[in-house]
Amino acid sequence: MHFSFKSTAAILAITTSGFAQSDIATISQDHHHHHLPIGLQSPMSIMGDHIHQDGDWMLSYRYMFMDMDGMRQGTHRVSSADVFANRFAVTPERMTMDMHMVGIMYSASEKFTLMAMFQYKNLSMDHRINPAVPGALGGTRFTTETEGVGDTVLTGVYKLYDQNCLQVLGGLGLSLPTASISEKDGILTVPPPAISVRQLPAAMQLGSGTFDFLPMLTVTKNYDQFMLGAQARGTIRTGRNHHDYRFGNAFDLDTWCAWAPARWCSLTAGLGYHYDGQLRGRQSGVATASPIGNSVPTAYGENY
């Protein structure tokens, strides 16, 4: 039976930005060449959705908080007891992530914009030990934490089409493995059962450890005070990292609609889809042995 650590995630994104030019009002009206009404914007979580005027600079800051709770088998929620019944010594019960993102955008021409995104993460995962584990640790809980710089993303966005209030943008990014994938903390080890500092599973590492290609396609259509938009993004992994694994390829699709009731206000609603392929490799250094069989679901690639 394969288990995954998934649940509904609550995400908060806050964005502030500024342009190198002083005439902000002019830029706000004109940097979308298909005549966006003032105030009409894509959701804050969508990046690479527009092209700036030639020579423009933009700085942005985003903060995201994610809270995941409980385990799933396929699309069905399962209890910690269900995980223990499959001879796992430990199960995750909750995971949180704080991520700070600083972005820099530069428009090299009327059709081409370059972007760089830098990340800083804090990850925390709560675990419960199987009561069947012998000794005083059986049934107790512990938490692992990691913190540090994430992977760096470089992206180029090109305007493919811009006519009749319809804009199509194509993008290609490269994720650089600037984050640590050798983070350690206290986990259950044997023999005898004890909490010892060891290599953490991939779910608690700060990056992928591989160079990843990030293709992207964005389509927006404007109707006076309304906008419809869609963005498809892929993550294509290359090779394996120095811990002999790679995350699976990923795909995201976001759709949204936006309404600008006033010059200073934009309301958006959207629907997103995310797919992750299976992790490949053995996660060298991650403990898989336990007193009762398997260690923790995150130590095994089939659970990603």
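Counting of residues starts from 1 at the beginning of each chain's written sequence and follows it residue by residue. Selection of residues for local features in this predicted model requires a pLDDT of at least 70, selection of side-chain atom pairs for listing and counting requires 80 or more, and totals for whole chains, interfaces and linings are taken over all residues. Excluded from the side-chain calculations are hydrogens and water; all other atoms, namely the structure's heavy atoms, are used.

Summing up its helical and strand segments, the protein chain has two helices and 19 strands in all. Working rule for contacts: check all heavy atoms of both residues, and any pair within 4.5 Å makes them a contact. Long-range pairs, those at least 24 residues apart, make up 69% of the contacts in the protein chain between residues at least 6 apart in sequence. Helix and strand definitions here come from DSSP, where helices need a minimum of 4 consecutive H or I residues and strands a minimum of 2 consecutive E residues; each element is numbered from the N-terminal end.

The next point concerns the pairing of strand β8 (residues 152-163). When strand β6 (residues 112-129) meets β8, the two strands line up antiparallel, connected through six bridges. Opposite Leu114, over in β8, you have Gly156 as the bridge partner. Two successive antiparallel strands, β8 and strand β9 (residues 166-176), enclose a turn made up of two residues, where Asn164 displays a positive phi of approximately 50°. Two strands qualify as a pair provided DSSP detects at least 2 bridges between them.

Take the packing of aromatic side chains next. Centres within 6.5 Å make a pair out of two Phe, Tyr or Trp rings, where for Trp the six-membered ring is used; the pair is then stacked when the planes are under 30 degrees apart, edge-to-face when over 60, and tilted otherwise. Tallied over the full model, the rule gives five aromatic pairs. Each ring, one from Tyr245 and one from Phe247, has its centre 5.9 Å from the other, and the planes form 90°; the classification is edge-to-face. For Tyr245, a relative accessible area of 1% gives the class buried. Measuring from centroid to centroid gives 6.3 Å for Phe247 and Tyr304, while their planes differ by 65°, and the two rings are edge-to-face. With a gap of 57 residues between them, Phe247 in the loop between β14 (245-246) and β15 (250-262) and Tyr304 in the segment after β19 (293-294) connect regions that are remote in the sequence. Members of the aromatic cluster, each reached through a chain of ring pairs, are Tyr245, Phe247 and Tyr304. The rule is simple: take the accessible area with a 1.4 Å probe, protein chains only, and divide by the maximum for that residue type; under 20% is buried, over 50% is exposed, in between is partly exposed.

A cis amide bond links Val190 with the next residue in sequence, Pro191, at an omega value of -20°. Positionally, Pro191 belongs in the loop between β10 (184-189) and β11 (194-199). A cis amide bond links Pro191 to the next residue, Pro192, at an omega of -20°. The residue Pro192 is located in the loop between β10 and β11 in this model. Even without being a glycine, Asp224 presents a positive backbone phi close to 55°. Examined against the element boundaries, Asp224 turns out to sit in the loop between β12 (212-223) and β13 (226-237). Here the phi dihedral of Gln283 falls at roughly 50°; this positive angle occurs in a residue that is not glycine.

All right, on to the confidence of the model for the protein chain then. Residue-level pLDDT values for the protein chain average 86, and 87% of them are 70 or greater. Contacts from residues 14-35, a stretch scored under 50 in pLDDT, to residues over four places away or in other chains number 44 contacts. Confidence per residue, as judged by the predictor, is encoded in pLDDT with a range of 0 to 100.

A word on the pattern of salt bridges. A pairing counts as a salt bridge when a side-chain nitrogen of Lys or Arg comes within 4 Å of a carboxyl oxygen of Asp or Glu. With the rule as written, the count across this model stands at nine salt bridges. One salt bridge in this structure joins Arg233 and Asp254, with 2.8 Å as the shortest N-O distance. One end of the pair, Arg233, is in strand β13; the other, Asp254, is in strand β15, and 21 residues separate them in sequence. When salt bridges that share partners are traced, they join Arg233, Asp252 and Asp254 into one network.

With that settled, consider a nonpolar patch on the surface. Taken together, the side chains of Trp57, Leu59, Tyr61, Val102, Ile104 and Phe118 present a nonpolar region at the surface, about 530 Å² in accessible area. If you list the elements that add at least two residues to the nonpolar patch, you get β2 (57-69) and β5 (90-107). Looking at the secondary structure, you find Tyr61 in strand β2. Here a patch means residues that are over 30% exposed by relative accessible area and free of salt bridges, tied together within 9 Å if like-charged and within 5 Å if nonpolar (Val, Leu, Ile, Met, Phe, Trp, Tyr). Each accessible area is a Shrake-Rupley estimate made with a 1.4 Å probe; only the visible protein chains count as cover when residues are assessed.

Before going further, it helps to examine the pairing of β9. Relative to β9, β8 runs antiparallel, the two being bridged by 11 bridges. Paired with Leu154 across the two strands is Leu174, which belongs to β9. Bridge count for β9 against β12 is 10 bridges, and the pairing is antiparallel. Looking at β12, one finds that Leu169 is bridged to Thr218.

Here the focus is the side chain of Ser208. Structurally, Ser208 can be placed in the loop between β11 and β12. N or O atoms closer than or at 3.5 Å make up a polar contact, with two conditions inside protein: a donor-capable atom paired with an acceptor-capable one, and, for residues adjacent in sequence, both atoms drawn from side chains. Of note is the side chain of Ser208, whose polar atom sits 3.2 Å from the backbone oxygen of Thr210. With residues near it in sequence (within four places) discarded, Ser208 still touches Asp151, Ile181, Arg237, Asn241 and Phe247.

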